[in-house]
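Examining the three-dimensional arrangement
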Amino acid sequence: MIKPQAKRRKRPEGAAPAETLLAWYDAHRRDLPWRAPPGRQADPYAVWLSEIMLQQTTVATVKGYFEKFLVRWPTVEALAEAPLEDVLAAWAGLGYYARARNLHACAGKVARDHGGRFPAREAALLDLPGVGPYTAAAVAAIAFDAPCAAIDGNVERVMTRLYAIETPVRQAKPLIREKTQALLPAARAGDFAQALMDLGAMVCTPRGPLCGLCPWAQNCAACRAGAQEDYPVKEKKAEKPKRRGAIFILRRGEETLLARRPPEGLFGGMSAFPATPFSRDVGPDEWLDFAPCPAEWRALAEPVAHVFTHFALRATVFVARTEAAPRFGADCRWAARRNLDKEGLPTLMRKAAAAAGLFDD
DNA sequence: TAACCGTGGAT
DNA sequence: TATCCAAGGTT
């Protein structure tokens, strides 16, 4: 059976949208540490590493971490052989620490199961820990030039504007995918993916989009209607709960304090101080029930404030000293004060340590 | 499916 | 100060 010829829309301007965008990209592309120079093949390891770091994280924040990781672990094998604690410590401050655990697991899987080479196919990439639909498509396109639609927040914004999609993005994802796939060029899939993201980051911005500089402005339904900023349509999000809790800093002598590694959940795998649960509202009169041991706990006057994705926290910091060595849970240990700083603490714990004056000298 | 999972910068 | 949001994934 003969496939019907795909209907081709007439393009009085000549170029297909992808070609227009690629021409714009060639002139305006951002120079980023993980990008290969024009015409050169990107290193799949560097592409993957950058994509994991960039999940929900700004380019400006990622740059320093990316370069530090690449110097320390230049290949996926090197990363696979590194102790997980080292990787987590290097990740400290970047947030979403499950990404670091999955990063290490993924490196191990690539080293063991794929001979140290990242698979080139989207489906195989999807099987790797920490690699979801976006990242699989992005790595396949950017590192292997596969014609895959890498749909992130930028692309959702560009597409909902281009086609004036009124449906809230959560429900419009299948439509957005369809529209994006229809635009994929026959060649330069990797550049197209990056061009779309550069367009979203530099021109088709969430607020104040620069439609005058947009190569697609003439084709953009939202722009023609002067309604760029009405898209994407979002559902209003739930109010962020405010929670309270306590953090316990137990000191032994001047240079030693009690650290803990939560096995999972918030700060899973990271070094932290013992604390009350933050997931529910434990009343202040119950806080000391969660202290690692009985002691003369002294509360700092001013709580530390920290905002997470799904709740805002004000945590009271308790400090106590002990000369004894009571028994603690298996995930607790005594740590040198100076090492703890080096080890990397999540930001909340760093704030608590600073409030307690641990890093004063 | 919805909740969970960090952080810092812009407005 | 409050809100949004940045190259999402997992459970």
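If you look chain A up in an unreviewed UniProt entry, it shows as Adenine DNA glycosylase from Methylocystis iwaonis. Among the UniProt annotations of chain A, the heading Catalytic activity (unreviewed entry) holds the following wording: "Hydrolyzes free adenine bases from 7,8-dihydro-8-oxoguanine:adenine mismatched double-stranded DNA, leaving an apurinic site." Per UniProt, the comment on chain A under Function (unreviewed entry) is "Adenine glycosylase active on G-A mispairs. MutY also corrects error-prone DNA synthesis past GO lesions which are due to the oxidatively damaged form of guanine: 7,8-dihydro-8-oxoguanine (8-oxo-dGTP)."

The next thing to look at is the environment of A356. With respect to the helices and strands, the residue A356 is situated in the segment after α14 (347-355). In this structure, the C-alpha to C-alpha distance between A356 and A124, residues 232 residues apart in sequence, is 48 Å.

All right, on to the protein's contact with DNA strand B then. Around DNA strand B, 18 residues are found, and the nearest of them are L266, H306, T309, H310 and T347. Here the atoms of DNA strand B within 4 Å of the protein split so that 60% fall in sugar or phosphate, with bases taking the remainder. In this structure, a base nitrogen belonging to DNA strand B sits 3.0 Å away from a main-chain N or O atom of Q56. One of the side-chain nitrogen or oxygen atoms of T57 is found 3.0 Å away from a base nitrogen of DNA strand B. Secondary structure elements with two or more residues in the surface near DNA strand B: β4 (304-307) and α14. Of the residues contributing to the surface near DNA strand B, the split by class is 9 nonpolar, 9 polar and no charged.

Attention shifts here to the protein's contact with DNA strand C. With respect to spatial proximity, 26 residues lie near DNA strand C, and among them E51, G130, D152, N154 and P206 are the closest. For DNA strand C, the fraction of atoms within 4 Å of the protein that belong to sugar or phosphate moieties is 63%. Contacts to DNA strand C include E51, whose side-chain N or O atom sits 3.0 Å from a base nitrogen. P133 places a polar main-chain atom, nitrogen or oxygen, 3.5 Å from a phosphate oxygen of DNA strand C. Sorting the residues of the surface near DNA strand C by element identifies α2 (44-54), α8 (133-144) and α9 (153-162) as the ones contributing at least two each. Of the residues in the surface near DNA strand C, the class split is 10 nonpolar, 9 polar and 7 charged.

This next bit is on the nonpolar core. Core analysis: the biggest nonpolar cluster contains 103 residues, and W48, W216 and F273 have the highest contact counts within it. Looking at which element gives the most residues to this core, the answer is α8, with 9 residues. Listed in part, the 12 residues of the second largest apolar core include L258, V282, A291 and W297.

Another aspect to go through is the state of the cysteines. Summed over all chains, the structure comprises 0 disulfides. Here C211 is not cross-linked by a disulfide; its sulfur's nearest cysteine counterpart is in C223, at 3.9 Å.

The next subject is α2. By the criterion of burial, α2 is predominantly enclosed, with 10 of the 11 residues buried. Listed as buried for α2 are P44, Y45, A46, V47, W48, L49, S50, E51, I52 and M53. For α2, the elements touching its buried residues are α3 (59-72), α4 (76-81), α5 (84-91), α6 (98-113) and α8. Between the side-chain oxygen of the N-cap and the backbone nitrogen of Y45 there are 3.1 Å, and the N-cap of α2 in question is D43.

About the criteria used
Throughout, residues of each chain are indexed from 1 in the direction in which the sequence is written. Naming scheme: in the order in which they are written, chains are lettered from A and ligands are numbered from 1. In keeping with the predicted nature of the model, local features appear solely for residues at pLDDT of at least 70, side-chain atom pairs appear and are counted solely at 80 or more, and the whole-chain, interface and lining totals rest on all residues. Note that the side-chain values use all heavy atoms of the structure and ignore hydrogens as well as water. UniProt positions are given in the numbering used here, feature names are shortened, and annotations may be inferred rather than shown by experiment. What counts as a helix is a DSSP run of H or I of at least four residues, what counts as a strand is a run of E of at least two, and both are numbered from the N terminus. For this description, a residue counts as near a given molecule or strand if any of its non-hydrogen atoms is within 4 Å of it. Two N or O atoms form a polar contact when they lie within 3.5 Å of each other; inside protein one atom must be a possible hydrogen donor and the other a possible acceptor, and for residues adjacent in sequence the pair counts only when both atoms belong to side chains. Throughout, the ten residues Ala, Val, Leu, Ile, Met, Phe, Trp, Tyr, Cys and Pro are labelled nonpolar, Asp, Glu, Lys and Arg are labelled charged, and all others, Gly among them, are labelled polar. The criterion is simple. A nonpolar core is a set of buried Ala, Val, Leu, Ile, Met, Phe, Trp, Tyr and Cys residues joined through side-chain atoms within 4.5 Å. To sort residues, take the accessible area from a 1.4 Å probe on protein chains only and compare it with the maximum for the residue type: under 20% means buried, over 50% means exposed, and anything in between is partly exposed. By disulfide we mean two sulfur atoms from cysteines, separated by a distance within 2.5 Å. Working rule for contacts: check all heavy atoms of both residues, and any pair within 4.5 Å makes them a contact.

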